[in-house]
Structure formats: C-alpha cells, structure tokens
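# Coordinate analysis (summary)
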Amino acid sequence: MTSDFSAAGVRVPDSKLAREATELVRDAASDLIYDHSRRVYFFGALQGRNRDLSFDPELLYIAAMFHDLGLGEPFHGSGRRFEVDSADEARRFLQARQVPEDSIRRVWTAIALHTTPGVPEFMEPEVALVTAGVEYDVLGIGYHDLTEADRAAVVALHPRPDFKQRILEAFTEGVRPKPETTFGNVKADVLAHYVPGFERGDFVRTILDSPWAE
C-alpha cells in the first residue's frame, strides 16, 4: 500500500509497521487529516535533509501519521489535550507490535510536543522534524527552505484544497468539547476565533487567584 508512494526524493518507508500505520490512520481519520499527516512526513523529511539530520524514517512516519488522530470524535470526551490522545494512540499501536521502548518514547514525544513552539527543535531529530513538518504545512514556517518543485511534488501526491479553513474547522471541532485543554497553548487562539463566548485561561490571573496568601 505504501511502497509506491514517494515525492521529492523522499519515500514512505516500505515496512510492515508503516503499512499498518497507514491503514489504521486511513480508516480512522478524514481525508483532510490523512493527507495532512502524509504531507507532514514528506515536509519533515525534506527539512531533515536540508538540515543534515540523521533520523529514522519509520519513526518519523509513524509520528506524522498519528499526530492529529486525537482530534477525532472518539477523543472528544477524553478531557486531555488532543496531542496527548494522539501520542497515546501511537504508543498503544507500537507497544502492541513490540517496538523498543526508546523508539516509542521518541514517537510519543514528537506527537505530544508538535504544537509547543521553541522546544522540539532542540530534541531528537524525529521530534524536531514532526514539528518542522507541521509548521511547514500549517503555518508556512520555513516555506522558502524547500524548492517550489519539491513543494509541488508533495502537494500533487496529497493535495490541500481549501486547507487553511478546513484544518481550522478540524481544530475547532476537536477542541471545542474540552476547552480547558487549551490553557497555555495555541488552540486557545482557535476557540477564541470560532467559538462564541469562549474565555481563554489567563496565566497571570491563575497565579494571582491561587489559594496561596502570597
């Protein structure tokens, strides 16, 4: 299922683990999330090539494929950040296949931190490159680091029709049922734009209103 998929000189890993991850995410996620997740892998791998980073393509692929799974309806009532739900799903998938614990830790961390700017870039390459792929596809950070030809090759394989609005809708629907999970992270911006009456948590107010006298 995955062996023929390549773009811009980057290939999807042709392994049983990668094929099973592809099938699971293909069945569980929308076309929007599936195509986005695949682009995150390609863009992350291309950024890794540009930065001369040595990374495990299979681990990068698994992390990219699972990174937004927690936005789905089965997780709306979890009470946890969607990034953690996504990371836990990847961990269960890998543990069931007896993947070494250090590899599982890298994948979990890469997913859990992919919306936490300023930290992943200093961690293991797989962690750094999932965030790089997400930032490239969603935010356009480092847009000109890749050539127009490489961008076009990835988007030809996994198109992004009306992606900006559709991914914002996916974020909104995935986080709306658990607004408390947006405290201190970028998803508060999403709900502030799209959910009437939403009030973001305030770090300063939380400190001042804590039960400590001083």
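The structure we're discussing is the one just above.
This report concerns the structure included in the present document. All of these numbers come straight from a predicted model, not from anything done at the bench.

Next up on the list: the packing of helix 3 (residues 57–66) against helix 6 (residues 125–139). What describes two packed helices is the angle between their axes and the distance between those same axes. One can describe the packing of helix 3 onto helix 6 by two numbers: an axis separation of 9 Å at closest approach and a directional angle of 40°. In terms of orientation, helix 3 and helix 6 fall into the oblique class. Handedness of the crossing formed by helix 3 with helix 6: right-handed. Counted together, Leu59, Leu60, Ala63 and Ala64 of helix 3 and Glu126, Leu129 and Val130 of helix 6 form the full contact between these two elements. The class makeup of the residues in the contact of helix 3 with helix 6 is six nonpolar, no polar and one charged.

Turning our attention to empty space enclosed by the protein. If you walk through the whole model with that rule in mind, you get one cavity of 30 Å³ or more. If you add up the space inside the largest cavity, you get close to 30 Å³. Taken together, Arg81, Phe82, Glu83, Val175, Thr181, Thr182, Asn185 and Lys187 form the lining of the largest cavity. Along the lines of polarity and charge, the residues of the lining of the largest cavity split into two nonpolar, three polar and three charged.

Cut-off values and rules
Residues numbered from 1 in each chain as written. Predicted model: local features only at pLDDT ≥ 70, side-chain atom pairs only at ≥ 80, totals over all residues. Heavy atoms only, no water. Axes fitted to C-alpha atoms, helices over the stretch in contact; angles between N-to-C directions. Helix = DSSP H or I, 4+ residues; strand = E, 2+ residues; numbered from the N terminus. Parallel < 35°, antiparallel > 145°, perpendicular 65-115°, else oblique. Left-handed = near helix turned anticlockwise from the far one by under 90°. Contact = heavy atoms within 4.5 Å. Nonpolar A, V, L, I, M, F, W, Y, C, P; charged D, E, K, R; others polar. 1 Å grid on protein atoms, 1.4 Å probe; cavity = no way out; pocket = protein on both sides within 12 Å on 5 of 7 lines; lining within 4 Å. Points joined across faces, edges and corners; volume = space filled by probe spheres on them.

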